[in-house]
Amino acid sequence: MEKRFKGIGVSPGVAIGQALILESKKPCFIYQFLLNTSEVKKEIEHFKKAVESVKREFKQLAKSLKKETTFKEARQILEIYISILSDPMLYKATIKRIKEEKINAEWALLKSLEEIENVFGMIKEDYLKQRIQDVHYVVNRILAILQPRFPSAKQSFPESVIIGHDLSPVEAIKLSSKTAIAFVTETGSLTSHIAIVTQALKLPAVVGVKEITNFIKPAEMVIVDGFQGEVIINPLAETLQYYQERRKEYKQYCDKIEHYALLPARTLEGHTLKVMANVELFEEIPSVLKMGADGIGLFRTEFFYLQQKRLPEEELLYEYFSKVVKAIKPYPVTFRTLDMGGDKLSSALKFEKELNPALGLRAIRFCLKQKNIFRTQLRAILRASAHGDIRILFPLISSLEEIKEAKELLEQVKAELEEERVPYKTSIPVGIMVEVPSAVTLINFLIREIDFLSIGTNDLIQYTLAIDRSNEQVAYLYEPLHPAVLKMIKEIVDVAHQAKVPVNVCGEMAGNPIYIPVLVGLGVDEISLNAQNIPLIKKVLCSISFKEAQNLAKKLVTFGSISEVRECYFNTIGKWIERIEEFTTEKASLTNGTRL
């Protein structure tokens, strides 16, 4: 009998194969016992050997990955794992516990993990929350060596769909080199490492499929739809035929989609939008250029800080930011200032544990409270401006006072550089992230202080609808087409355009082709998204009518319910799908490999 399960599609594609079920990776029991003095040295050596064994495993795996841009993030994840193995809070602290408390390595390691968890505190941001999950995975790998009781899958098939409670990036990479054609997990989110790695491997993946391991048997036929986040067990004949066709069509699509990177981002009438990239690391820039981005619309500066063991000094920041500016030249880069709390930056900074960090001391609030850290970053960014075209973006602005204070500090830093005769560009556009309802309400006042703005739809939707999309109980309420969200975007755009201020959208809405027609219709000027999605977004832009999108948007903002908006929207854009499909690579070939 056909059974269907719904999860979150994190890597696109369709796979059809036999289920390979991974059993639990957790040890049944961690032995805890005291050591005799004579046993301590041997136990420490036992722990050191286990750490070295795991480190070799990670290094060999990183070496085995192809040296291509698509695998850079997978390699970076492995590098993070290797650095965790050497972290004093894990490595030295465990050895110290074995020595001083005379306890076995497993017990000492778990106590070190508990202390690390306390230091991390309650992390709200998905991409930072992943860091403690990384530590958990590394600890489990060490435990697997210290106390090898980790069962694994007993049988594999030529085309295996890997199904398990959870799955680490390392396991995904290993399995992909053997028989895996897709991955399904009971846990995970859009921002988890398994999402990043499966995208790099170009294998379909669906996460967050609750209790699927309780309803499937080994070797049963499974269809994985990475687009819709659907998993189908024992499909009917007509279902199987449908997905075989979809798989074939997607392969043909993948073979030609990169041609669209060469196209200008403009609608049928010639209305243009800037399509830019969201970037976290310097290593992404070659891919950004290859995918046809008009620049970097959001450079998340906090990721460089997270890679450092201590707060980076101005010179190190300047060198890094300059490298970014030079690499993307002649295109612009928008540096978003620190968007994180002080608890993530350095253990040298003492901050009280917050019950709700998302509503606490983070982003611009943290920067304005820790002005020495903020000043150092601003100096480095300004100095980097001497090498190319940059913009500065302040996150989480909720009041007029915040933007004024941030700009005042920026002017002070400029005056310092002038006095020191340090070169920088004097005319640097300054913008804000609009991601909280108060900023929307005050947009008439905020607009007078800025040169551009960027709508962070992820946070704006969550704060507006009072939901945490990482909370499985309310995640279904996360709705980009909510009437309140659309009305907010319209108000922002209308006020900004009246003041001749360009509007960028940099949340997940911008990277999802489903929402491009409504964003175009609402009048946004720029969109910023994951570089890999740019060719597809350009294809959609080149296939829609600006006037039709405007008329659709005008109609949508008159509705008061989600159901009315969704019915009208999908009924309308459904008629445009054929036009998008008819748009072939012939137009792209006319460019002869040159971007227009």
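Owing to the predicted nature of the structure, the values given are computational and were not obtained by experimental measurement.

Parameters at a glance
Residues numbered from 1 in each chain as written. Predicted model: local features only at pLDDT ≥ 70, side-chain atom pairs only at ≥ 80, totals over all residues. Heavy atoms only, no water. Helix = DSSP H or I, 4+ residues; strand = E, 2+ residues; numbered from the N terminus. Buried < 20%, exposed > 50% of the residue type's maximum accessible area, 1.4 Å probe, protein only. Contact = heavy atoms within 4.5 Å. Areas by Shrake-Rupley, 256 points an atom, 1.4 Å probe, with all protein chains shown as cover. UniProt positions renumbered as here; feature names shortened; annotations may be inferred. Axes fitted to C-alpha atoms, helices over the stretch in contact; angles between N-to-C directions. Parallel < 35°, antiparallel > 145°, perpendicular 65-115°, else oblique. Left-handed = near helix turned anticlockwise from the far one by under 90°. Nonpolar A, V, L, I, M, F, W, Y, C, P; charged D, E, K, R; others polar. Phe/Tyr/Trp six-rings, centres within 6.5 Å; stacked < 30°, edge-to-face > 60°. Lys NZ or Arg CZ within 6 Å of the ring centre and 35° of its normal. Core = buried A, V, L, I, M, F, W, Y, C linked by side-chain atoms within 4.5 Å. Expected span 1.5 Å × (residues − 1). Arc of directions from axis to C-beta. pLDDT = per-residue confidence, 0-100.

## Examining the overall build of the protein chain
Part 1 of the argument: Within the protein chain one finds 25 helices and 16 strands.
Part 2 of the argument: Across the 596 residues of the protein chain, 53% fall into the buried class.
Part 3 of the argument: If you take every contact in the protein chain between residues at least 6 apart in sequence, the share linking residues at least 24 apart comes to 71%.
Part 4 of the argument: As displayed, the protein chain has an accessible area near 27700 Å², and 51% of this comes from carbon and sulfur atoms.

## Regarding the UniProt feature "active site" (unreviewed entry) in the protein chain
Part 1 of the argument: Using the residue numbers shown here, the UniProt feature "active site" (unreviewed entry) corresponds to His 193 and Cys 506.
Part 2 of the argument: Examined against the element boundaries, His 193 turns out to sit in helix H7 (residues 193–201).
Part 3 of the argument: Every residue in contact with Cys 506, bar those within four places of it in the chain, is listed here: Asn 278, Leu 298, Met 433, Ser 454, Ile 455, Gly 456 and Ser 528.

## Topic: the packing of helix H13 (residues 371–384) against helix H14 (residues 400–419)
Part 1 of the argument: Close contact between H13 and H14 brings their axes to 10 Å; oriented N to C, the two are set at 60°. Taken together, the axes of H13 and H14 are oblique relative to one another. Relative to H14, the crossing made by H13 is right-handed. Of the residues in H14, those in contact with Lys 371, Phe 374, Arg 375, Leu 378, Arg 379, Leu 382 and Arg 383 of H13 are Glu 405, Ala 406, Leu 409, Leu 410, Gln 412, Val 413, Lys 414, Glu 416 and Leu 417.
Part 2 of the argument: Looking at the contact of H13 with H14 residue by residue, the class counts come to 8 nonpolar, 1 polar and 7 charged.

## Notes on the packing of aromatic side chains
Part 1 of the argument: Enumeration over the complete set of coordinates arrives at 14 aromatic pairs.
Part 2 of the argument: Taken together, a centroid distance of 4.9 Å and an interplanar angle of 85° make the contact between Phe 227 and Tyr 250 edge-to-face. Note that Phe 227 is positioned in the loop between strand E7 (221–225) and strand E8 (230–233) and Tyr 250 in helix H8 (residues 237–257), a separation of 23 residues in sequence.
Part 3 of the argument: Owing to a relative accessible area of 33%, Phe 227 belongs among the partly exposed residues under this scheme.
Part 4 of the argument: Between Phe 374 and Phe 394 the ring centres are 6.0 Å apart and the planes differ by 70°, which places this aromatic pair in the edge-to-face class. With Phe 374 in helix H13 and Phe 394 in strand E12 (residues 390–394), the pair connects residues that are 20 residues apart, well separated along the chain.
Part 5 of the argument: These aromatic residues form a ring-pair network of at least three members: Phe 299, Phe 304, Tyr 320, Phe 321 and Phe 335.
Part 6 of the argument: A cation sits over an aromatic face here: Lys 323 above Phe 282, 4.5 Å from the ring centre.
Part 7 of the argument: One cation-aromatic arrangement involves Arg 383 over Tyr 318; the distance from NZ or CZ to the ring centre is 4.0 Å.

## Some details on the nonpolar core
Part 1 of the argument: Core analysis: the biggest nonpolar cluster contains 110 residues, and Phe 394, Leu 453, Val 518 and Ile 527 have the highest contact counts within it.
Part 2 of the argument: With 8 residues, the top contributor of residues to this core is helix H18 (residues 483–498).
Part 3 of the argument: When residues no more than four places from it in sequence are discounted, the contact partners of Phe 394 are Thr 337, Ile 364, Phe 374, Leu 378, Ile 403, Ala 406, Lys 407, Val 430, Gly 431, Ile 432 and Met 433.
Part 4 of the argument: Of all hydrophobic cores here, the second largest spans 53 residues; its members include Leu 65, Leu 167, Val 170 and Ile 173.

## Some details on H8
Part 1 of the argument: Between its terminal C-alpha atoms H8 stretches 30 Å, which fits the 30 Å expected from 21 residues at 1.5 Å a residue.
Part 2 of the argument: Among the residues of H8, Thr 239, Leu 240, Tyr 243, Tyr 253 and Ile 257 are the ones counted as buried. Along the axis of H8, the buried residues cluster in a sector spanning 145°; they form a single face. Those residues of H8 that are exposed and angled more than 90 degrees off the buried face are Ala 237, Glu 238, Gln 241, Lys 251 and Asp 255.

## Quick notes on the confidence of the model for the protein chain
Part 1 of the argument: Of all residues in the protein chain, 85% have pLDDT values of 70 or greater, and the mean over the chain is 85.
Part 2 of the argument: Across residues 346–351, confidence stays below pLDDT 50; counting only partners more than four residues off in sequence or on other chains, it has 10 contacts.
Part 3 of the argument: In this model residues 582–596 is a low-confidence stretch, pLDDT under 50, and it forms 27 contacts with partners more than four residues away in sequence or in other chains.

## Some thoughts on the side chain of Arg 97
Part 1 of the argument: Along the chain, Arg 97 falls in helix H3 (residues 91–101).
Part 2 of the argument: Overall, the relative accessible area of 14% leaves Arg 97 in the buried class.
Part 3 of the argument: Excluding residues within four positions of it along the chain, Arg 97 makes contact with Lys 102, Ile 103, Ala 108, Lys 111, Ser 112 and Glu 115.

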